[in-house]
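Take a look at the letters that make up each chain.
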2 protein chains.
Amino acid sequence: MAGGVGSRFWPFSTNNKPKQFLDFFGTGRSLLQMTYDRFLKIVPKENILIASNSHYKDLILEQLPELKENQVLLEPARRNTAPCIAYAMNRILAENPDANVVVSPSDHLILKEDEFVQTIKCGLEYTSTHDDILTLGIKPSRPETGYGYIQVADITGGQNIMKVKTFTEKPNIEMARMFLESGDFFWNSGMFLWNVKTIIAAFDLYLNEMNRKFEKGKDCYGTDQEQAFIDSIYQSCTNISIDYAILEKANNVHVLAANFGWSDLGTWGSVYEHADKDENQNVTLKCKTLLYESKNNVVALPEGRLAVIQGLDGYIVAEADKALLICKKEEEQRIRQFVNDTQVKIGEEFI
Amino acid sequence: MAGGVGSRFWPFSTNNKPKQFLDFFGTGRSLLQMTYDRFLKIVPKENILIASNSHYKDLILEQLPELKENQVLLEPARRNTAPCIAYAMNRILAENPDANVVVSPSDHLILKEDEFVQTIKCGLEYTSTHDDILTLGIKPSRPETGYGYIQVADITGGQNIMKVKTFTEKPNIEMARMFLESGDFFWNSGMFLWNVKTIIAAFDLYLNEMNRKFEKGKDCYGTDQEQAFIDSIYQSCTNISIDYAILEKANNVHVLAANFGWSDLGTWGSVYEHADKDENQNVTLKCKTLLYESKNNVVALPEGRLAVIQGLDGYIVAEADKALLICKKEEEQRIRQFVNDTQVKIGEEFI
């Protein structure tokens, strides 16, 4: 899944080039490319599908030139994850009804690649013989309030696949501390594994109307008619997440416990945490910096640009082609509001 | 004179487009254009000469398309004001040995244009009948430590042209307060008036070698040979200011007292002081801004750009094509050092 707009990183990420397409850490590969590289260790490249908004087609094919055009599934409208996954699963069903599938966001950070590969392979082995929905749960390392949590029914067996008890929203800090201590809560990573028949059955049950729309395209998938068919039905799909529509309702959902150094990179704070820092705890992304009496900042300008900064402590300094943002790190949750204000008061061209 | 590099305003002003070529206040005219407009009220346009570095020839002709190419005197090297003025005066002498001349920087701010015109006309009347050097002295309004001062010999007569007693360097605040109270000190504006014979005589006396170099070109001035001649001698001229070389030595220097709302716009502080401010005392130059919990800042980005700023108090935020500067207003005297560091540590391309 590579359709997000990443407005929390505006203006470093923009509608035209959201987070998954950026090389956040200066490795030479964008988050999407790193996700692709990771999955190449698990599946042959022709089995990888990228689902994204039509708007990003060229960007995807440019960043992943190894892909054939029909490996990129284009959503003509933003409708959250359920329609996106319904589309991809019906397409896969048409090609291979025995397929085992991993669904993954393309803008997350994974530090321990070997453990990632091992975990995914273990999950796929499980789904090839069980009609269960697996959701990847990350063993929490701190009382994080920025993530949703999943509680499992029974942790005592020591196995790494456990039946889900409840999904919870982002907790406050006291709750998060309790979750961490209890040992039976996992971070909800948004990565899923299943065999395609299992998830299609779940769509049939919980999102029947949506699933029937995509079912009707079974003769179009993989042909020249696919895009026209999708364009004709996608707009009318309910805007809903797969978590809310299916995961929280189905009774065959299990957590696959994982511990591979994961971050959803959902905030500047999490990017700051994972990036290299200078001796004054400043993070420089992509650009060059000269810093004086400055600490704890994250500076993210486009490649080839320079920031000379004096006397800043704890700020985000981020820039794209036309817009510059300077904002205290602790106020970063307001960036979406700033983007909104910019749209309303200044103009679309800066978004 | 339009040859300055304005590094104190880096990166808003750059080597490629220094301060005099910028429309600081969003009036639609650059400081150079405003200076030109002002002098059009005093002399016909064909009597205006612009002296600048060769580098800025195209920029000058673009900003002042009314000028003929030979009204732009091009210095092939930076040699401070004395060689620049020696060149211009010898050129004028060749064209009209009876000329009365005003020499003026092109990057100053003058608020009361009518009083400016009146003062200059009064000075020109004086120099047409006196072989004196006039330097424009601004009646100080505050104990400014950023300017040089001129003390006059006798203030009691109430006249507005007074013999100079001493030139002083930039004072500390205690001295500046004493100067202000004493009533016989004026700010040194760097604007001069004289008849051309008087200044040539002074050059002959105090910068004889330099003057003889320019004298040799008398048959070239105004012809196709002028530039080649200047290029052949300019480099070898002493790098020295007219103040130091002549004004502080000659005994026929008088102050023409002026009071027309003047600033040399030599610092961000002075630009900040003269620019329009929002209700939180923020100044926005050229660009668009959205400001939250921010006050006392000056934000100067290129036209068409947007700055969204949260939680800044008392900063300069300035940007050009490739470089961004964020710096406390009170630390602005360090900008030259930052530019230096950038040149040494990062690269010429950002200067």
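Rules of the game
- Residues numbered from 1 in each chain as written.
- Chains lettered and ligands numbered in written order.
- Predicted model: local features only at pLDDT ≥ 70, side-chain atom pairs only at ≥ 80, totals over all residues.
- Heavy atoms only, no water.
- Least-squares fit on C-alpha atoms with pLDDT ≥ 70 in both.
- Contact = heavy atoms within 4.5 Å.
- Phe/Tyr/Trp six-rings, centres within 6.5 Å; stacked < 30°, edge-to-face > 60°.
- Helix = DSSP H or I, 4+ residues; strand = E, 2+ residues; numbered from the N terminus.
- Buried < 20%, exposed > 50% of the residue type's maximum accessible area, 1.4 Å probe, protein only.
- Lys NZ or Arg CZ within 6 Å of the ring centre and 35° of its normal.
- 1 Å grid on protein atoms, 1.4 Å probe; cavity = no way out; pocket = protein on both sides within 12 Å on 5 of 7 lines; lining within 4 Å.
- Points joined across faces, edges and corners; volume = space filled by probe spheres on them.
- Nonpolar A, V, L, I, M, F, W, Y, C, P; charged D, E, K, R; others polar.
- Pairing = 2+ DSSP bridges.
- Axes fitted to C-alpha atoms, helices over the stretch in contact; angles between N-to-C directions.
- pLDDT = per-residue confidence, 0-100.
- Buried area = accessible area lost by both parts, 1.4 Å probe.
- Salt bridge = Lys/Arg side-chain N within 4 Å of Asp/Glu carboxyl O.
- Polar contact = N/O pair within 3.5 Å; in protein donor to acceptor, adjacent residues only side chain to side chain.

The two copies are related by a screw motion: chain A maps onto chain B through a turn of 180 degrees and a shift of 0.1 Å along the axis, at an RMSD of 0.0 Å. Such a combination of rotation and displacement between the chain copies is what one expects of a two-fold axis. Most of the interface of chain A is mirrored in chain B: 100% of its interface residues are interface residues there too.

Right, let's get into the packing of aromatic side chains. Two numbers describe a pair of aromatic rings. These are the distance of the centres and the angle of the planes. According to the stated counting rule, one finds 40 aromatic pairs over all chains in the structure shown. With 5.9 Å between their ring centres and 45 degrees between their planes, Phe12(B) and Trp268(B) make a pair best called tilted. In this pair, Phe12(B) is assigned in the segment before α1 (31–40) and Trp268(B) in helix α10 (residues 268–274), connecting sequence segments 256 residues apart. For Phe12(B), a relative accessible area of 7% corresponds to the buried category. Here the aromatic cluster, defined as three or more aromatic residues joined through ring pairs, consists of Phe9(A), Phe12(A), Phe24(A), Phe25(A) and Trp268(A). Its guanidinium or amino end placed over the ring of Phe116(A), Arg38(A) lies 5.5 Å from that ring's centre, counting from NZ or CZ. For Lys329(B), the ring lying beneath its charged end belongs to Tyr272(B), and the centroid distance is 3.9 Å.

A separate point is empty space enclosed by the protein. Residues and elements named next belong to chain B. Enumeration over the complete set of coordinates arrives at one cavity of 30 Å³ or more. Its boundaries defined by the atoms lining it, the largest cavity holds a volume of some 40 Å³. Val5, Ser7, Trp10, Ser13, Thr14, Asn15, Val339 and Ile351 together form the lining of the largest cavity. Considered class by class, the residues forming the lining of the largest cavity number four nonpolar, four polar and no charged.

Right, let's talk about the sheet that holds strand β16 (residues 323–328) of chain A for a bit. Within a beta sheet, neighbouring strands are joined by backbone hydrogen bonds and run either parallel or antiparallel to one another. In space, the six strands of this open sheet follow the order β11(A)-β13(A)-β15(A)-β16(A)-β14(B)-β12(B), with mixed pairing throughout. Each edge of the open sheet carries a strand with a single partner, namely β11 (283–285) of chain A together with β12 (288–292) of chain B. Each strand axis lies, on average, 5 degrees off the axis of its neighbour in the sheet, ignoring direction.

Any segment with low pLDDT has predicted coordinates that should not be analysed in fine detail. Within chain A, residue pLDDT values average 94, and 100% of them lie at 70 or more. Listed scores for the predicted complex are pTM 0.85 and ipTM 0.84.

Let us now look at the interface of chain A and chain B. Facing the 36 residues of chain A at the interface are 36 residues of chain B. Carbon and sulfur atoms make up 58% of the surface buried where chain A meets chain B, a total of about 3,000 Å² over both sides. On inspection of chain A and its partner chain B, the count reaches four salt bridges. The residue Glu319(B) makes a salt bridge to Arg305(A) at a minimum N-O spacing of 2.7 Å. Scanning the region where chain A abuts chain B turns up 22 residue pairs in polar contact (both at pLDDT 80 or more). At the level of elements, β12 (288–292), β14 (306–310), β15 (315–319), β16 and α11 (335–346) of chain A are the ones that each hand at least two residues to the side of chain A that touches chain B. The element contributing the most residues to the side of chain A that touches chain B is β16(A), with six residues.

With respect to the secondary-structure elements, Phe350(A) resides in the segment after α11. Considered as a pair, Phe350(A) and Asn15(A) are 335 residues apart in the sequence and their alpha carbons are 9.6 Å apart. The contacts of Phe350(A), once residues within four sequence positions are left out, are Trp10(A), Lys322(A), Ala323(A), Thr342(A), Lys288(B), Gly304(B), Arg305(B) and Leu306(B).

Further remarks concern the sheet that holds strand β16 (residues 323–328) of chain B. Read across the open sheet, the six strands follow the order β12(A)-β14(A)-β16(B)-β15(B)-β13(B)-β11(B); overall the sheet is mixed. Because the sheet does not close on itself, it has two edges, and the strands there are β12 of chain A together with β11 (283–285) of chain B. Each strand of the sheet is rotated relative to its neighbour by a mean of 5 degrees, with strand direction disregarded. Where β12(A) lies against β14(A), five bridges are found, and the strand directions are parallel. When the bridges of β14(A) are listed, Tyr292(A) appears paired with Gln310(A).

We now examine the environment of Val117(B). Tracing the chain through its elements places Val117(B) in helix α4 (residues 113–127). Apart from residues lying up to four places away in sequence, Val117(B) is in contact with Arg38(B), Lys41(B) and Ile42(B).

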